[in-house]
Amino acid sequence: MDLDNILSQLETANEEEIEKLLQQYNRENSHTFTFEQKEETLRSKLCQSVLTVLGRQMQPSCQKTCLETLRILSRDKRVLAPVATREGMLILGGMARLHAGDEGGDNQKSSQEEVLSQEEERVVVEALKCLCNVVYNSPAAQQVSVDVQLSHGLCASLHTGRTRHHEVGLFTLRLLFLLSALRPDLRGVLRREWHAVKLLSEVLEHTLDVRWVGPYEAARPDLQALPMPAEDNERAMEALKALFNLTLSLTGGEDDDHQSRLIAAILRHLLMLKTETEEKTEEAHSHAVNLLNNLPVSCLDVLINVPVQGGQEKYSGKNMDAVQVLLDFMEKRIDKGSNYKEGLTPVLSLLTEGSRHHREIRRYIKAQVLPPLKDVKIRPEIGSTIRNKLVRLMTHVDMGVKQTAAEFLFVLCKENVDNLLKYTGYGNAAGLLVARGLLAGGRGETQYSEDEDSDTEEYKSAKPFINPITGHVEEPMPNPIEEMTEEQKEYEAEKLANMFDKLSRQHVIRPMGVRPDGTLAPLEETLCNVPEDNSGSDSD
């Protein structure tokens, strides 16, 4: 449809004609993601015209159509200048019922609580979608959003519960995530003025249907219950992403500690849930891992302190179900074989810090990852156990992946070099030991309990024969000269001597000798310094 024609008709068309005209444009462009550059000016004018229409008193059906057009246009960051203004953002904020820029708190609250018709809710959803696109694609719109306090309107919507409608809640949370990601200066304001961390935690509680049975303990999910609905999962993921941004720089005060423990308890509950697909469950676990990494490591004890549900006696009565879920998640990410930096290193870092600061977590993980050695005839990096997979990562080409995997195993070994070498071999561990300055052996700086590791009888009997470089017992190599004749031996010796002579004449290698002071020097220098033997000469 010709844009010049649309623009000329919009100027004089009535509400019904505008709706029909834009509906046709939307149908023709709904799946268009790239636009001709020559039409850039015309599309920018169309943005302005649509905003002008939205500024009038229109029926919800026409507002929805206009917003759909604006959403399609907002995919192109080059035409957003008319929208990324105070007027444009206030119009969209008004359509989304965010009341951005309003000063009257009571009026804002009462308007937030009004009951919307189904048509009006569709307008709100389309406005929120437009705002997500515009904020994502326009730095100018991001600044205007801060100026008109758009994030305050989002928090007010979450607080009043109007976002219980799925798509309204989903895109409200997504817009809050985008603003907190793109404008780091907003995070502190959201935490202080709107208590956004607590607010988002409550959204998660409601979405995940958390029922508390202890101070930081949620009731165990019913294993026979249906998986978490897809809509609940979507909203939970957006809330987790926004919480991740807002917890990047927690101060660690008393209130923060309580809130962090509450979040850890909610995340433990999430780790025990199943969604409709394995892929969605893995995505949920990934967001949970990222957020757990932001929390103070002291709060990770919430993952295992679940007295109502009980635990394992050999781990001081701690419940290790959540830790096992994290281990399974880590192994799945290793098995994927790609995107280790973003997909694997967060869970490795989380388990490393959890093991370093919580003895029971370390003991449990070590029992799963580094069980007592029995078969030492196979190289540590060969095989399908989780230990084999982690040892292979110790020589990965990505430095960050290599260091994170090595650090994880080192902590499981209580930062004891001898223990690490026992499980990995010197060759695989060399990179970490060089980086930590521990090539000569010893321990890291962290203090661990004094309980001793018990070696199996199989390992003790094989230990004298283990190659410390490869970390396994090597089969004895056959002697290559045993079956040679004397002539063959003489031929090989002469061949070797000629090779050394050639390398010496080409200065590839230089024969060395020892000076009288014990230092090494080229052989010719040491020969020149040999004192003459005068024992047979006549004496005066």
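These numbers were taken from a predicted model, which means no experiment stands behind them. (Residues numbered from 1 in each chain as written. Predicted model: local features only at pLDDT ≥ 70, side-chain atom pairs only at ≥ 80, totals over all residues. Heavy atoms only, no water.)

Caption draft 1: The arrangement of the nonpolar core in detail. Core analysis: the largest hydrophobic core is formed by 141 residues, its most contacted members being Leu175, Met330 and Leu390. When neighbours within four sequence positions are excluded, Leu175 is seen to be in contact with Leu98, Leu128, Leu131, Cys132, Val135, Leu150 and Leu154. (Core = buried A, V, L, I, M, F, W, Y, C linked by side-chain atoms within 4.5 Å. Buried < 20%, exposed > 50% of the residue type's maximum accessible area, 1.4 Å probe, protein only. Contact = heavy atoms within 4.5 Å.)

Caption draft 2: Representation of the packing of aromatic side chains. Applying the stated criterion to the full structure yields one aromatic pair. With centroids separated by 5.3 Å and ring planes inclined at 80°, the aromatic side chains of Tyr315 and Tyr364 adopt a geometry described as edge-to-face. A residue pair is termed long-range when its members are at least 10 positions apart, and Tyr315 in the loop between α15 (278-294) and α16 (321-336) and Tyr364 in helix α19 (residues 359-369) qualify at 49 residues. Residue Tyr315 shares its accessibility class with Tyr364, and that shared class is buried. In this arrangement the basic side chain of Lys241 is found over the ring face of Phe177, its NZ or CZ atom lying 4.7 Å from the centre. (Phe/Tyr/Trp six-rings, centres within 6.5 Å; stacked < 30°, edge-to-face > 60°. Helix = DSSP H or I, 4+ residues; strand = E, 2+ residues; numbered from the N terminus. Lys NZ or Arg CZ within 6 Å of the ring centre and 35° of its normal.)

Caption draft 3: Here's a closer look at a nonpolar patch on the surface. A cluster of nonpolar side chains, Leu496, Met499, Phe500, Leu503, Val508 and Ile509, forms an exposed patch at the surface whose accessible area comes to about 530 Å². Looking at Leu496, the relative accessible area reads 44%, which means it is partly exposed. (Patch = residues over 30% accessible without salt bridge, like charges linked within 9 Å, V, L, I, M, F, W, Y side chains within 5 Å. Areas by Shrake-Rupley, 256 points an atom, 1.4 Å probe, with all protein chains shown as cover. Salt bridge = Lys/Arg side-chain N within 4 Å of Asp/Glu carboxyl O.)

Caption draft 4: Examining the packing of helix α9 (residues 150-160) against helix α10 (residues 166-182) more closely. Interhelical geometry of α9 versus α10 gives an angle of 145° and a closest axis separation of 10 Å. Handedness of the α9/α10 crossing: left-handed. Residues Leu150, Ser151, Leu154, Cys155, Ser157 and Leu158 of α9 pack against Thr172, Leu173, Leu175, Leu176 and Leu179 of α10. Taken together, the residues of the contact of α9 with α10 break down into eight nonpolar, three polar and no charged. (Axes fitted to C-alpha atoms, helices over the stretch in contact; angles between N-to-C directions. Left-handed = near helix turned anticlockwise from the far one by under 90°. Nonpolar A, V, L, I, M, F, W, Y, C, P; charged D, E, K, R; others polar.)

Caption draft 5: Local environment of the side chain of Thr65. Looking at the secondary structure, you find Thr65 in helix α4 (residues 60-73). On the basis of relative accessible area, Thr65 is assigned to the buried category, the value being 3%. Sequence-distant contacts of Thr65, defined by excluding residues within four places in its chain, comprise Glu19, Leu22, Gln23 and Asn26.

Caption draft 6: Examining helix α2 (residues 15-29) more closely. Here α2 contains 15 residues, and its C-alpha end-to-end distance of 21 Å stays within 8% of the 21 Å for a straight helix at 1.5 Å per residue. Those residues of α2 hidden inside the fold are in contact with α1 (3-12), α3 (40-54) and α4. For α2, the N-terminal cap is Asn14; the gap from its side-chain oxygen to the backbone nitrogen of Glu16 is 3.2 Å. (Expected span 1.5 Å × (residues − 1). Polar contact = N/O pair within 3.5 Å; in protein donor to acceptor, adjacent residues only side chain to side chain.)

Caption draft 7: The arrangement of the environment of Lys314 in detail. Mapped onto the secondary structure, Lys314 falls in the loop between α15 and α16. Separated by 49 residues in sequence, Lys314 and Arg363 have C-alpha atoms that sit 9.6 Å apart.

Caption draft 8: Region of interest: the confidence of the model for the protein. Here the protein averages 87 in pLDDT, and 89% of its residues register 70 or above. Low pLDDT (under 50) marks residues 103-112, which in the prediction has 16 contacts with non-local residues, meaning those over four places away or in another chain. Contacts for the low-pLDDT stretch residues 535-540, under 50 throughout, to residues beyond four places or in other chains number zero contacts. (pLDDT = per-residue confidence, 0-100.)

Caption draft 9: Representation of the packing of helix α7 (residues 118-137) against helix α8 (residues 139-147). Between α7 and α8, whose axes approach to 5 Å, the crossing angle comes to 115°. For the element pair α7 / α8, the angle class is roughly perpendicular. Contacts between α7 and α8 involve Val134, Val135, Tyr136 and Asn137 on the former and, on the latter, Pro139, Ala141, Gln142 and Ser145. Counted by class, the contact of α7 with α8 contains five nonpolar, three polar and no charged residues. (Parallel < 35°, antiparallel > 145°, perpendicular 65-115°, else oblique.)

Caption draft 10: Summary view of α15. With 17 residues, α15 ought to run about 24 Å at 1.5 Å a step, and its terminal C-alpha atoms sit 25 Å apart, in line with that. Listed in full, the buried residues belonging to α15 are Thr281, Glu282, Ala284, His285, Ser286, His287, Ala288, Val289, Leu291, Leu292 and Asn294.

Caption draft 11: Looking closely at the side chain of His287. Inspection of the secondary structure assignment puts His287 in helix α15. Classification of His287 as buried rests on a relative accessible area of 18%.

Caption draft 12: Region of interest: the pattern of salt bridges. Enumeration over the complete set of coordinates arrives at 32 salt bridges. A salt bridge links Arg174 to Glu238, with the nearest nitrogen and oxygen atoms 3.1 Å apart. In this pair, Arg174 sits in helix α10 while Glu238 sits in helix α13 (residues 230-246), placing the two residues 64 residues apart along the sequence. Note on Arg174: relative accessible area 29%, which makes it partly exposed. Notably, a salt bridge pairs Lys280 with Glu283, separated by 3.6 Å at the nearest N-O pair. Taken as a pair, Lys280 and Glu283 lie in helix α15 at a separation of three residues, close to a single helical turn. Take Lys280: its relative accessible area is 37%, and that puts it in the partly exposed class. A single salt-bridge network, built from bridges that share partners, covers Glu39, Glu40, Arg43, Asp76 and Arg78.

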